[in-house]
Amino acid sequence: MNLPANNPLGNTFTVNEGESIENGSRFSDANDKNINNGTILNNGQIFNFNFIDNFGNIDNNGTLTHRDDEINNFGNVTNNGTLTNSARFNNSSSFINNSLVRVFSPFNNTGTVQNFGNFSDSGTLTNGGTFENESGASFTSNLINENEASFTNNGFTDASIVNNGILTNNNTFSLARNSFRNNNTFVNNGTFNSDRGIINFGSIENSGTFIIDTRSSIFATGSFTGNPLIIEEGRLNSQDFLVDTDFTQNSGLFFVATFFGVNNESVSAFENDRPLLTVTGNFNLNGGDIGFSGGIRDLDLGTYTLVDLTDGTLTIDATVLANADDSIDRLDTEEKDFELVQQGNDLLLTIEECFLTGTRILSETGYRKVEDLAIGDLVQTADGELEPVKWIGYQSRQPNQIKNPLRGYPILFKAGSLGHNLPLRDLYTSPDHALLVDGLLINAGALVNDISIIKTEPTEPFCYWHVELEHHALLIAEGTAAESFYPNREDRLAYDNGLEYDELYPFGNSQLMLYPLDYPRISSKNKVPRYICQKLQQIAQKRNRIKDLATA
């Protein structure tokens, strides 16, 4: 027995309890179709292999198994038994489940679905309309919530979800075995607990409990508002992520990376030089770790904001901070010194370049110590121009607080070590400060030869200074062409007087960052041309011979 090819309005086709029918067959013509304008009442078993267009009512109180072709619902479907979807089901009107729906193939909803029972199994529900998962019900299939669609959970949901619309949780949302990607708006009024991956590119509005647990990772940009975001044992990898509330990590990992990969997409973590994480409440790192990816080594010199607190208190457990210092020191190279700095209510990553106290800079009135320069003073550049000083920044350092002394300590260029009696006097710079040598900008640390260019080991506190002009230029330091400060971002928070800069220049110095010096730059010792290394070595040896003759 088959379903009627055309069930007219007002007619009820009934499958009685104990009866079983097979509608069509696997080998039926692809054009076989049943059109229902009346009511199909199933109290027994229906195995369907045909197209069904429903404009009336389908009431299933038994077992309805849909195997081939499509069911298109333009009327009302009510399931009080078991509905198994192994082919495509398209709902454009009303679908009510009071029992069990097993989804193995695409279930497309552009109408309204109310679930009072259980939606389960491995298929995907694509929701372009309204889906209500009611109190006491569960949804454990896959979900794609389309743009402007609405999925509301008042029961229990554990599903692999891509949300492009409005997703609301009023009860329990648990990701024990699935992933969650939010591209639009997720409103949590209940409990959200994740043991798997979360990807947020939209907004999360949390008035309930939001916990990242165990093996879960949250890859986040966009925003999080409401009640606190809590990391219990998971991992946070973020870029320009606004947490407009408190943030607490009790265990797990706050991960600092240059990018994160999402479904074959690469998202830059330091895009537009924005903070990785902005928190308007309190930031509490009570346990776990701060981790760093190897890609951090490729960042430009300057200061990066990892956590920006606009209000509230930054609290980091001493053990967590010490372990993080050890981790970031392992990223140090011959050319770059990485430091984790807790300054006020901000957590910063610095990559340094500066002059040491006492360095003389050629100015309009002759050589002046860098610490005596002031904003507005005119300094001489290597191209013969006089340029006004825009800002002088300084950074006090304690030798015993530098985790990697060889990377944080100044480099000494002995007088005459670069040839032509330059520098005029001993010159000290940070390892990442570049000097012009034979038409190349070369970082100081890359020029060390342990004879005339030396890594120092200070035992007393010292201070680094930088001279910022309106644009990146070559200053004359002790007769040697050395670069002015070139930042990678607008703020100067790593410096002792960094807040002064923000007050003086609330709009920053964007022109400076847009136009770096047009010279090839070398940061690595093994990339310095051999002829330059040989020349500096010969100069050092000649200086030593002259010194030996003078003392003979």
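Above this note sits the structure.
The paragraphs below set out a description of the structure included in this document.

Here we look at the overall build of the protein
Right, so step 1: The helix and strand inventory of the protein stands at five helices and 62 strands.
Right, so step 2: Relative to its 552 residues, the protein shows a buried fraction of 54%.
Right, so step 3: Residue pairs in contact within the protein that sit at least 24 positions apart in sequence constitute 43% of those at least 6 positions apart.
Right, so step 4: Total accessible area on the protein is roughly 22,600 Å²; 47% of this is exposed by carbon and sulfur atoms.

Considerations on the pattern of salt bridges
Right, so step 1: Under the criterion given, the structure shown has nine salt bridges.
Right, so step 2: As a salt-bridge pair, R425 and E478 come within 3.3 Å of each other at their nearest N and O atoms. Here R425, found in the loop between strand 54 (411-413) and strand 55 (427-429), pairs with E478, found in the loop between strand 60 (474-477) and strand 61 (480-483); they are 53 residues apart in sequence, far enough to count as distant.
Right, so step 3: One salt bridge in this structure joins R521 and E483, with 2.7 Å as the shortest N-O distance. With R521 in strand 62 (residues 521-522) and E483 in strand 61, this residue pair connects regions lying 38 residues apart in the sequence.
Right, so step 4: Overlapping salt bridges, with partners in common, bring together R360, R425 and E478 in one network.

Points about the packing of aromatic side chains
Right, so step 1: All told, the structure shown has 29 aromatic pairs when counted by the stated rule.
Right, so step 2: Aromatic pair F210 and F224: ring centres 5.1 Å apart, planes at 80 degrees, arrangement edge-to-face. Of this pair, F210 sits in strand 33 (residues 209-212) while F224 sits in strand 34 (residues 217-226), and the two are 14 residues apart along the sequence.
Right, so step 3: A relative accessible area of 0% places F224 in the buried class.
Right, so step 4: Ring centres of Y394 and W465 lie 5.2 Å apart, and the angle between their planes is 40 degrees; on these two criteria the pair is classed as tilted.

Remarks on the pairing of strand 5 (residues 39-42)
Right, so step 1: The pairing of strand 2 (residues 12-15) with strand 5 spans four bridges and is parallel. In the strand pairing of strand 5, V15 is matched with N42.
Right, so step 2: The pairing of strand 5 with strand 8 (residues 57-60) spans four bridges and is classified as parallel. Across the sheet, residue I40 finds its bridge partner in strand 8, namely I58.

Concerning unusual backbone geometry
Right, so step 1: Cis geometry marks the peptide bond from L422 to P423, where omega comes out at -5 degrees.
Right, so step 2: As for its placement among the helices and strands, P423 is situated in the loop between strand 54 and strand 55.
Right, so step 3: A positive phi angle is found at D438, which is not glycine, with a value near 50 degrees.
Right, so step 4: For D438, the location among the structural elements is in the loop between strand 56 (434-437) and strand 57 (440-443).
Right, so step 5: Here D438 falls in the partly exposed class, since its relative accessible area comes to 40%.

Describing helix 1 (residues 318-329)
Right, so step 1: Taking 1.5 Å of rise per residue, 12 residues should cover 16 Å, and helix 1 covers 17 Å from first to last C-alpha, within 8% of that figure.
Right, so step 2: Residues of helix 1 that are buried include every one of V320, A324, D325, I328 and D329, and no others. Along the axis of helix 1, the buried positions cluster into a sector of 165 degrees, meaning they face one direction only.
Right, so step 3: Check the buried side of helix 1 and you find it contacts strand 42 (283-285), strand 43 (289-292), strand 45 (314-316), strand 46 (338-343) and strand 47 (346-351).
Right, so step 4: Capping the start of helix 1, D317 holds a side-chain oxygen 3.0 Å from the backbone nitrogen of T319, two or three residues further along.

Focus: the nonpolar core
Right, so step 1: In this structure, F119, F247, L277, F283, I290, F292 and V307 are the most contacted members of the largest nonpolar core, which totals 71 residues.
Right, so step 2: Sequence-distant contacts of F283, defined by excluding residues within four places in its chain, comprise F247, L277, V307, L309, T313, L314, T315 and I316.
Right, so step 3: I392, V448, I522 and L536 belong to the second-largest nonpolar core, a separate cluster that totals 33 residues.

Concerning the environment of G312
Right, so step 1: Structurally, G312 can be placed in the loop between strand 44 (302-309) and strand 45.
Right, so step 2: Each C-alpha atom, one on G312 and one on N282, is 4.5 Å from the other, the two residues being 30 residues apart in sequence.
Right, so step 3: When near neighbours in sequence (up to four residues on either side) are disregarded, G312 contacts T280, G281, N282 and N345.

Digging into the side chain of T39
Right, so step 1: Mapping T39 onto the fold places it in strand 5.
Right, so step 2: Exposure remark for T39: the relative accessible area of 17% places this residue in the buried category.
Right, so step 3: Leaving out residues up to four positions away in the same chain, T39 has contacts with N7, N11, T12, F13, N57 and D59.

Comments concerning the pairing of strand 26 (residues 166-169)
Right, so step 1: With four bridges joining them, strand 23 (residues 150-153) and strand 26 adopt parallel strand pairing. Within strand 26, the residue paired with F151 across the bridge is L167.
Right, so step 2: As paired elements, strand 26 and strand 29 (residues 185-188) share four bridges and run parallel to each other. Among the inter-strand pairings, T168 is bridged to a residue of strand 29, identified as V187.

Points about the side chain of N48
Right, so step 1: Its place among the elements puts N48 in strand 6 (residues 45-48).
Right, so step 2: Contact partners of N48, with chain neighbours within four places excluded, come to N23, T65, H66, R67, D68 and I71.

Comments concerning the environment of G208
Right, so step 1: Mapped onto the secondary structure, G208 falls in the loop between strand 32 (203-206) and strand 33.
Right, so step 2: Overall, the relative accessible area of 15% leaves G208 in the buried class.
Right, so step 3: For the pair G208 and F192, spaced 16 residues apart in the sequence, the C-alpha separation amounts to 7.8 Å.
Right, so step 4: Filtering out sequence-adjacent residues up to four positions away, G208 remains in contact with N188, N189, G190 and N227.

Calculation criteria
- Residues numbered from 1 in each chain as written.
- Predicted model: local features only at pLDDT ≥ 70, side-chain atom pairs only at ≥ 80, totals over all residues.
- Heavy atoms only, no water.
- Helix = DSSP H or I, 4+ residues; strand = E, 2+ residues; numbered from the N terminus.
- Buried < 20%, exposed > 50% of the residue type's maximum accessible area, 1.4 Å probe, protein only.
- Contact = heavy atoms within 4.5 Å.
- Areas by Shrake-Rupley, 256 points an atom, 1.4 Å probe, with all protein chains shown as cover.
- Salt bridge = Lys/Arg side-chain N within 4 Å of Asp/Glu carboxyl O.
- Phe/Tyr/Trp six-rings, centres within 6.5 Å; stacked < 30°, edge-to-face > 60°.
- Pairing = 2+ DSSP bridges.
- Expected span 1.5 Å × (residues − 1).
- Arc of directions from axis to C-beta.
- Polar contact = N/O pair within 3.5 Å; in protein donor to acceptor, adjacent residues only side chain to side chain.
- Core = buried A, V, L, I, M, F, W, Y, C linked by side-chain atoms within 4.5 Å.

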